[in-house]
Amino acid sequence: MGLASTARLESAERVRPDEELVAEVRAGENAAFAELASRHRRRIEHLCRRFFIDQELVRDLTQECFLRAFAGLASYRAEMPFTAWIRTIAVNACYDELRRRRRKPEELVADFTVGELEWMELVSDASPEELAGAAEERREAYTLAHRLLASLRPEDRMVLVLKDSEEMGVQEIAETLGWSEAKVKIRAFRARQALRKQASRMLGSRRFRIFK
Amino acid sequence: MNCFQARREFPNFWRERLAEPVANQLAGHLECCGLCEQAYRLFALTAPVMHSDAEAVDAMLGGEDAVRRPRRMPSVQAGDAAEQRGMIWTALSMLVAASVIAYIAAATPRESLIDALTNSRPASAISAVQEPPAYSFLDDFAG
């Protein structure tokens, strides 16, 4: 194999950086955007799933994020990594949707399914090592977590997910949501309080051991 | 391991990504610290959404396929299906038998079409209640 063909192969196998693909899209190569989308789709979808249990909605939101990104690619600045930029778009899309869906926090409805009650029992009684493994394959663990998080105000839920799940810093959250850093800190504190209150209400009403 | 260190490791403990010695330390801490144990159980309530990997969420939803399309209702078991087929056949047989009986038992119309149209007495009724003809010559014999 000649040097030239080896170089061609290496060039084909090289993972092109996002910024290079963005430049291609801006130059009119729309196919490059398909590669960008397939590269980031799963991560964005997973972020949306932290807010919404409806898989149809998650797919719609993910698609909307990429449409917004495509439409706004002209405003993209290379100082910010594309990953962070598309995540900001997704966060704002989810936040808009959260606020659109619920104007005020709802009380946690107490009509739990048998599976959800079994999961609550496990959370209350199983050893910490067993819990993580037990959650897998249990859809109820997922639905119950969504129900609990859905009882929070949209801004509380948003700040919790960004801080704990996405592991974003206070400054980064503030920039993403257009809030002050003080507001992020206050919201995070209140969100944890609200979450604890809702969890104790949920489990306390069933007389589970942990929140007696 | 102190409480702060323990709580910082919750997400990795949940994802089972901690090295064994650290995981053991954390488990030991949770055994002896009631507040951290309670915090971990609260954490576990939201962790399936907040801290699970995409693959773990797929598993909870019933595989990657479940994310792509809505879950189907559980189908009936093979034994149930055979039982259902038997019931359908029984119902059909009963329906056919009932139809045949109804057809046979159906009374022949007492009126003919002409009777019905002319509104005269039905022929069958006439034949059934027909009185003997009044023969005037009999009266003569009777005297």
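Reading guide: rules and limits
Residues numbered from 1 in each chain as written. Chains lettered and ligands numbered in written order. Predicted model: local features only at pLDDT ≥ 70, side-chain atom pairs only at ≥ 80, totals over all residues. Heavy atoms only, no water. Helix = DSSP H or I, 4+ residues; strand = E, 2+ residues; numbered from the N terminus. Buried < 20%, exposed > 50% of the residue type's maximum accessible area, 1.4 Å probe, protein only. Contact = heavy atoms within 4.5 Å. Areas by Shrake-Rupley, 256 points an atom, 1.4 Å probe, with all protein chains shown as cover. Salt bridge = Lys/Arg side-chain N within 4 Å of Asp/Glu carboxyl O. Buried area = accessible area lost by both parts, 1.4 Å probe. Polar contact = N/O pair within 3.5 Å; in protein donor to acceptor, adjacent residues only side chain to side chain. Core = buried A, V, L, I, M, F, W, Y, C linked by side-chain atoms within 4.5 Å. Domains from an automatic or database assignment. Phe/Tyr/Trp six-rings, centres within 6.5 Å; stacked < 30°, edge-to-face > 60°. Lys NZ or Arg CZ within 6 Å of the ring centre and 35° of its normal. pLDDT = per-residue confidence, 0-100.

To continue, consider the overall build of chain A. A tally of helices and strands in chain A yields 11 helices and 0 strands. For chain A, the sequential pattern of α-helices and β-strands runs α-α-α-α-α-α-α-α-α-α-α. The burial tally for chain A puts 46% of its 212 residues in the buried class. For chain A, the share of sequence-separated contacts (at least 6 apart) that also reach a separation of at least 24 residues comes to 66%.

The helix and strand inventory of chain B stands at 10 helices and 0 strands. The order of helices and strands in chain B, counted from the N terminus, is α-α-α-α-α-α-α-α-α-α. Evaluated residue by residue, chain B yields a buried proportion of 29% over its 143 residues. Sequence separation of at least 24 residues holds for 45% of the intrachain contacts in chain B that already meet a minimum separation of 6. When the accessible surface of chain B is summed, it comes to about 10,200 Å², and 60% of that surface belongs to carbon and sulfur atoms.

Here the focus is the side chain of serine 165 of chain A. Secondary-structure assignment places serine 165 of chain A in helix H9 (residues 154-165). Of the residues examined, serine 165 of chain A reaches a relative accessible area of 7% and is grouped as buried. Residues in contact with serine 165 of chain A, not counting those within four places in the same chain, are Arg50 and Leu160 of chain A together with Met50 and His51 of chain B.

What follows concerns the pattern of salt bridges. Residues and elements named next belong to chain A. On inspection of all chains with the given rule, the structure shows 23 salt bridges over all chains. Note that glutamate 155 is salt-bridged to arginine 153, the shortest N-O span being 2.9 Å. Given the relative accessible area of 16%, glutamate 155 is considered buried. The exposure class of arginine 153 is partly exposed, given its relative accessible area of 35%. Among the salt bridges present, the one from aspartate 156 reaches arginine 187, with a minimum N-O distance of 2.7 Å. Here the residue aspartate 156 occupies a position in helix H9, and arginine 187 occupies one in helix H11 (residues 181-204), the gap between them amounting to 31 residues.

Listed as interface residues are 44 residues of chain A and, on the opposing side, 33 residues of chain B. Both sides together, the interface formed by chain A and chain B hides about 3,400 Å², and carbon and sulfur atoms give 61% of it. The salt bridge partner of aspartate 58 of chain B is arginine 42 of chain A, with a shortest N-O separation of 2.6 Å. Summed over the shared surface of chain A and chain B, the number is 10 residue pairs in polar contact (both at pLDDT 80 or more). Of all the secondary structure elements, the ones that give two or more residues to the side of chain A that touches chain B are helix H3 (31-49), helix H4 (55-71), helix H6 (114-125), helix H7 (128-135), helix H8 (139-150), H9 and H11 of chain A.

The next point concerns the nonpolar core. Among the nonpolar cores identified, the biggest contains 84 residues, and Met158 of chain A together with Trp14 and Leu45 of chain B are the most heavily contacted of them. Looking at which domains feed residues into this core, each of domain 1 (14-101) and domain 2 (103-212) of chain A supplies at least three. Setting aside anything within four residues of it in sequence, one finds tryptophan 14 of chain B in contact with Trp119, Leu131, Ala132 and Ala135 of chain A together with Tyr40, Phe43, Ala44, Ala47, Pro48, His51 and Ser52 of chain B.

Evaluation of the coordinates by the stated rule reveals 12 aromatic pairs over all chains. Taking the centre distance of 6.3 Å and the plane angle of 75° together, the rings of tyrosine 95 of chain A and tryptophan 179 of chain A count as edge-to-face. Here tyrosine 95 of chain A is found in helix H5 (residues 82-101), whereas its partner tryptophan 179 of chain A is found in the loop between helix H10 (170-177) and H11, with 84 residues between them in sequence. Pair check on accessibility: tyrosine 95 of chain A and tryptophan 179 of chain A agree, each one buried. Taking the centre distance of 5.0 Å and the plane angle of 70° together, the rings of phenylalanine 10 of chain B and tyrosine 40 of chain B count as edge-to-face. Of this pair, phenylalanine 10 of chain B sits in helix H2 (residues 10-14) while tyrosine 40 of chain B is found in helix H4 (residues 34-50), placing the two residues 30 residues apart along the sequence. The residues phenylalanine 10 of chain B and tyrosine 40 of chain B share a single accessibility class, namely buried. Here the guanidinium or amino end of arginine 99 of chain A rests over the ring plane of tyrosine 95 of chain A, the centre of that ring lying 4.0 Å away.

Glancing now at the confidence of the model for chain A. As a general rule, the predicted coordinates of low-pLDDT regions are not to be interpreted in detail. Summarising the model, chain A shows a mean pLDDT of 85, and 86% of its residues fall at 70 or more. Predicted confidence in chain A is weakest over helix H1 (residues 3-13) of chain A, with a mean pLDDT of 56, and strongest over H9 of chain A, with 94.

All names here are of chain B. Of the residues in chain B, 57% have a pLDDT of 70 or more, and the chain-wide mean is 72. Segment residues 64-79 is flagged for pLDDT under 50; beyond a separation of four residues in sequence, or across chains, it makes 18 contacts in the model. Both scores are given for the predicted complex: the pTM is 0.69, the ipTM 0.82.

The backbone of glutamate 167 of chain A shows a phi angle near 50°, a positive value even though the residue is not glycine. With respect to the helices and strands, glutamate 167 of chain A occurs in the loop between H9 and H10. With a relative accessible area of 56%, glutamate 167 of chain A lands in the exposed category. For glutamate 16 of chain B, which is not glycine, the phi dihedral falls at a positive 55°. In this structure, glutamate 16 of chain B sits in the loop between H2 and helix H3 (20-32). Glutamate 16 of chain B sits in the exposed class, given a relative accessible area of 52%.

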